Amino acid sequence: MVDATPRMERDIPPAEVPELELYHPKSWWTTYVFSQDAKVIAIQYSGTAVAIGLVALVLSWLMRLQLGFPGTFSFITPEAYYQFITMHGMIMVIYLLTALFLGGFGNYLIPLMVGARDMVFPYVNMLSFWIYLLAVLVLAASFFAPGGPTGAGWTLYPPQAILGGTPGGQSWGIILMLVSLILFIIGFTMGGLNYAVTVIQGRTRGMTLMRMPLTVWGIFTATVMALLAFPALFVACVMMLFDRVLGTSFFMPALVEMGEQLSYGGGSPILFQHLFWFFGHPEVYIVALPAFGIVSDLISTHARKNIFGYRMMVWAIVIIGALSFIVWAHHMYVSGMHPWFGFFFATTTLIIAVPTAIKVYNWVLTLWRGDIHLTVPMLFALAFIVTFVNGGLTGLFLGNVVVDVPLSDTMFVVAHFHMVMGVAPIMVIFGAIYHWYPKITGRMLEDWMGKFHFWVTFVGAYAIFFPMHYVGLVGVPRRYPEMGEAAFMTAPVDNLNAFISVAALVVGFAQMVFLFNLVWSLRFGKEAGPNPWRATSLEWQTPTTPPPHGNWGDERPVVYRWAYDYSVPGAPEDFIPQNDPWPDKPATRAA
Amino acid sequence: MSVILVFLTVVIGFSFWWLFHQKVMEKPWLEHGVHTALPETDVSGMPTAKVALAVFLAVVGSLFALFASAYFMRMDYADWQAPPLPRILWVNTVILILASIALSCAVRAAREHRREMTRLALVTAGLATFVFLAGQVTAWRELAAGGHYLDVNPANGFFYLMTGVHGLHILGGLVALGRTMVKAWDDDVAAEQLRLGVELCAAYWHFLLFVWLGVFVLLAGWAGDLLALCRQILT
Ligand code: HEM
Ligand SMILES: [Cu+2]
């Protein structure tokens, strides 16, 4: 326990009368289980997300086994394969990435980084987690329900999603999926209100918006977007639930199934697609913006340089957030839209690439002539940039209607979105965990295991998804467990498919090393001290590490500068913490 | 999807306006020191609960804007057949307006520290709201009695769905109103605190009234005419 708060010379009136009693939980239960401490909630969110994420990982192995060695595993029927892709996709996108970035990192970092004691509504925050947990349990329950989970694809397109021909369509699978999503959205809204309002209202003195670390900007913007976009999924889910359970026909056209006229009639499947993608595209950025923010901070800290073009970075985040609401229909080029619309959405899609490209340039310029420390977090941050550029470039191809139409629903698309929203954000999550683990636990993660984890994951991810582009160009369609009589199509890439599958298994096992590292370092990791990376932002300046409930001891910090004062000429050290008034008074840091 | 886009334009426009007033043009790397003009803890000077309510209402607004968007898109199909509008909806609308007015009175009374009056206005608003909900249920039963069940036509589906979701939001509001009433009867609660609670309730009620008027216009089928009018003006 080191005192890291510099003394203040100037006379500053106390910012508030802290209600410190509030932050002394009464019992074991309220400390660790029904905790209202954002940091504990963050761990709970992350733990749950990782647990269900492991299920999605195992499902991806099973799918790869089927694709690489079709016919070898008799238990992977086509129905099972559909169920696997659906659950894999949905879990990865919503229950893992969204929950981890916003519920996990948002909860842990926002209050600490803006100098607050906690979220503004701790009780609602706690409820948010428990509803999320319930959503995850409902989702997991569908594996055990009669008929198994839904196999409708993560996009859940009607009418097939609720028909008998799709696994889970006429049994419990789809119902549980929809209920789980509705619960998730309710839980998220509770949390999201907290994250947004804490940034607006909870900042400590001196913390202007433009002094916030980009991590907070990213999570904040993503939260606002999610608050506005998730209602679209909510509406879609409720209406589909009505169609399935109460027999309405919002999305269901008149249908003949097995020679029998169904009671549905007159619904519009396209309506669902609009609602789904009105949520679905912003969702990509809901995952990406926090990653953008976090990676900016990782790069700046580990290259000991201020972030290049901070203002531009902030604006880019906000503009991307706003623009991403008017591009949704680029997921529907093949749904028979008016060419004029196609043109409009292709244009907006390409425009969004501009602020995104600006961000990439700024990261590279931040690295330029930096004092780059190849720590594990930095390695992951670099891997993110490479992967994101890679995935972004194929995105530019797919954003054009003429290119997208032939490539739609091939493995090329699968490769594209795994690069850009699968691998890239996951890299940031790993980097962020290596970066903040010392603050959370007080110990460093073991370095050699980290390096091993990094290299296997990075090289492995490319071994999986790089060849997959080619597989898609050859014409192998997406969501096909095997090719049957069209097997001649896959023949040229059969070996490649097997190779990809082996790589996927290897990458998967490397994650076990990571999990082991997380547990092992808890006991045996090196002591970290309060600020092992010598970083400037507030979370590293807490009086105690790990920070207790209430974060700041008796007084909240006062902020004198932005978060990127690295290698400032003349400063006593190569970083100046945000709460350091230098040069007004040379800091007397004990650490 | 035009309704939601218009709604989002308003929200995003407002956010940009707000950001603009947060000195996003500043160059943080040049400045240094505590900003004196700045921000004590409550950055905007607004009570946190009000900011939170505003954000929440943006979410609710987006929800209903999406329902409206879906309604419009679905409406264009040939088989669309709207159910007859139950007469009682007119009465319900008036009652909900009354509830809103009562809450406005409550706000005024709370600002003037008139406890008795505040209590009376709160109770009136609560009762009126209950009557509104009962009226909505009656409207449902009227429709069902006429054979206009949920699953007969998508228009019916939208009717039940939108009134239902709106009703649920009102129910949630009633919980908050109940808690405010408890405060109003507790003499230990400071006048300021009560005022905040009453103001929040009032804002929520006005918003839901506004949403209801929108839903009502949709369900009454005037929206189509309105739209046609807009198109005519535009072309
Ligand atoms: C070890 C890493 C991963 C592997 C090996 C993997 C593999 C796969 C495979 C084989 C498919 C099915 C392709 C098809 O037949 O259509 C798939 C689909 C999908 N994956 Fe992954 N995946 C991985 C990680 C992720 C991550 C991190 C995400 C997070 C965004 C993700 C999101 C998705 C989505 C959204 C789908 C589409 C599901 C659908 O078509 O309904 N995956 N993945
Ligand atoms: Cu998109």
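Residues numbered from 1 in each chain as written. Chains lettered and ligands numbered in written order. Predicted model: local features only at pLDDT ≥ 70, side-chain atom pairs only at ≥ 80, totals over all residues. Heavy atoms only, no water.

Chemist: Help me out: how do you make sense of the packing of helix 2 (residues 38–68) of chain A against helix 4 (residues 122–141) of chain A in this one?
Modeler: The packing of two helices is summarised by the inter-axis angle and the distance between the axes. Residues and elements named next belong to chain A. Running from N to C, helix 2 and helix 4 point in directions that differ by 10 degrees, and their axes come no closer than 10 Å. By the angle class used here, helix 2 and helix 4 are roughly parallel. From helix 2, Ala38, Ile41, Gln44, Tyr45, Thr48, Ala49 and Ile52 reach across to helix 4, where they touch Pro122, Asn125, Met126, Ser128, Phe129, Trp130, Tyr132, Leu133 and Val136. Its residues assigned to classes, the contact of helix 2 with helix 4 comprises twelve nonpolar, four polar and no charged. (Axes fitted to C-alpha atoms, helices over the stretch in contact; angles between N-to-C directions. Helix = DSSP H or I, 4+ residues; strand = E, 2+ residues; numbered from the N terminus. Parallel < 35°, antiparallel > 145°, perpendicular 65-115°, else oblique. Contact = heavy atoms within 4.5 Å. Nonpolar A, V, L, I, M, F, W, Y, C, P; charged D, E, K, R; others polar.)

Chemist: It is not clear to me how the confidence of the model for chain B should be interpreted in this structure. Could you clarify?
Modeler: As a note on interpretation, predicted positions should not be read in detail where pLDDT is low. All names here are of chain B. When pLDDT is averaged across chain B, the result is 88; 95% of the residues are at 70 or more. Overall, residues 36–43 carries pLDDT values under 50, and its contacts beyond four positions in sequence, including any with other chains, amount to 17 contacts. Here the complex is predicted with pTM 0.93, and the ipTM for its interfaces comes to 0.93. (pLDDT = per-residue confidence, 0-100.)

Chemist: Is there a simple way to think about the domain arrangement of chain A in this case?
Modeler: A common way to report how large an interface is uses the accessible area buried once the components associate. Residues and elements named next belong to chain A. Taken domain by domain, chain A consists of domain 1 (34–207), domain 2 (268–373) and domain 3 (374–528). Taking only C-alpha atoms into account, the centre of domain 1 sits 19 Å from that of domain 3. With 30 residues of domain 1 in contact, the opposing surface of domain 3 contributes 30 residues. Carbon and sulfur atoms supply 76% of the area buried between domain 1 and domain 3, which totals about 2,400 Å² over both sides. For the interface between domain 1 and domain 3, the tally reads five residue pairs in polar contact (both at pLDDT 80 or more). Ranked by residues supplied to the side of domain 1 that touches domain 3, first place goes to helix 3 (residues 78–114) with 14 residues. Residue composition of the side of domain 1 that touches domain 3, grouped by class: 23 nonpolar, six polar and one charged. (Domains from an automatic or database assignment. Buried area = accessible area lost by both parts, 1.4 Å probe. Polar contact = N/O pair within 3.5 Å; in protein donor to acceptor, adjacent residues only side chain to side chain.)

Chemist: Help me understand the packing of helix 4 (residues 115–145) of chain B against helix 5 (residues 154–185) of chain B, please; the structure alone is not making it clear to me.
Modeler: All names here are of chain B. The contact between helix 4 and helix 5 brings their axes to 10 Å, and the two run at 160 degrees. Classified by the angle between their axes, helix 4 and helix 5 sit roughly antiparallel to one another. Judged by the sense of rotation from one axis to the other, the crossing of helix 4 with helix 5 is left-handed. Its residues assigned to classes, the contact of helix 4 with helix 5 comprises 18 nonpolar, eight polar and three charged. (Left-handed = near helix turned anticlockwise from the far one by under 90°.)

Chemist: Explanation requested: the coordination of the copper ion (ligand 2) in the structure shown.
Modeler: When a metal holds four donors in a tetrahedron, each ideal angle between them is 109.5 degrees; when it holds six in an octahedron, the ideal angles are 90 or 180 degrees. Residues and elements named next belong to chain A. Here the copper ion (ligand 2) is held by the protein donor atoms His281 (ND1), His330 (NE2) and His331 (NE2), which lie 1.7 to 2.0 Å from it. For the copper ion (ligand 2), the donor residues sit on a single chain with the sequence spacing H-x48-H-H. Remark: His331 occurs in the loop between helix 8 (310–323) and helix 9 (339–367) and His281 occurs in helix 7 (residues 269–302); sequence separation between them is 50 residues. His331 sits in the partly exposed class, given a relative accessible area of 29%. (Donors = N, O, S within 2.8 Å, 3.2 Å for Na, K, Ca; no water. Buried < 20%, exposed > 50% of the residue type's maximum accessible area, 1.4 Å probe, protein only.)

Chemist: Is there a simple way to think about the layout of surface pockets in this case?
Modeler: If a probe the size of a water molecule is rolled over the atoms, the empty space left behind becomes visible. Considered as a void within the structure, the second largest pocket measures approximately 2,000 Å³ in volume. When residues of the lining of the second largest pocket are traced back to their parent elements, those giving at least two are helix 4, helix 5 (172–201) and helix 6 (214–246) of chain A together with helix 2 (48–75), helix 5 and helix 6 (191–219) of chain B. (1 Å grid on protein atoms, 1.4 Å probe; cavity = no way out; pocket = protein on both sides within 12 Å on 5 of 7 lines; lining within 4 Å. Points joined across faces, edges and corners; volume = space filled by probe spheres on them.)

Chemist: In this structure, what is going on with the interface of chain B and chain A? I would like to understand it.
Modeler: Contacts between chain B and chain A engage 54 residues on the former and 58 residues on the latter. Taking both sides of the interface into account, the surface hidden between chain B and chain A amounts to around 4,900 Å²; carbon and sulfur atoms contribute 75%. Along the contact surface separating chain B from chain A lie zero salt bridges. Applying the counting criterion to the chain B and chain A interface returns two residue pairs in polar contact (both at pLDDT 80 or more). Tallying contributions element by element places helix 2 of chain B first for the side of chain B that touches chain A, with 15 residues. Classifying every residue of the side of chain B that touches chain A by side-chain character gives 36 nonpolar, nine polar and nine charged. (Salt bridge = Lys/Arg side-chain N within 4 Å of Asp/Glu carboxyl O.)

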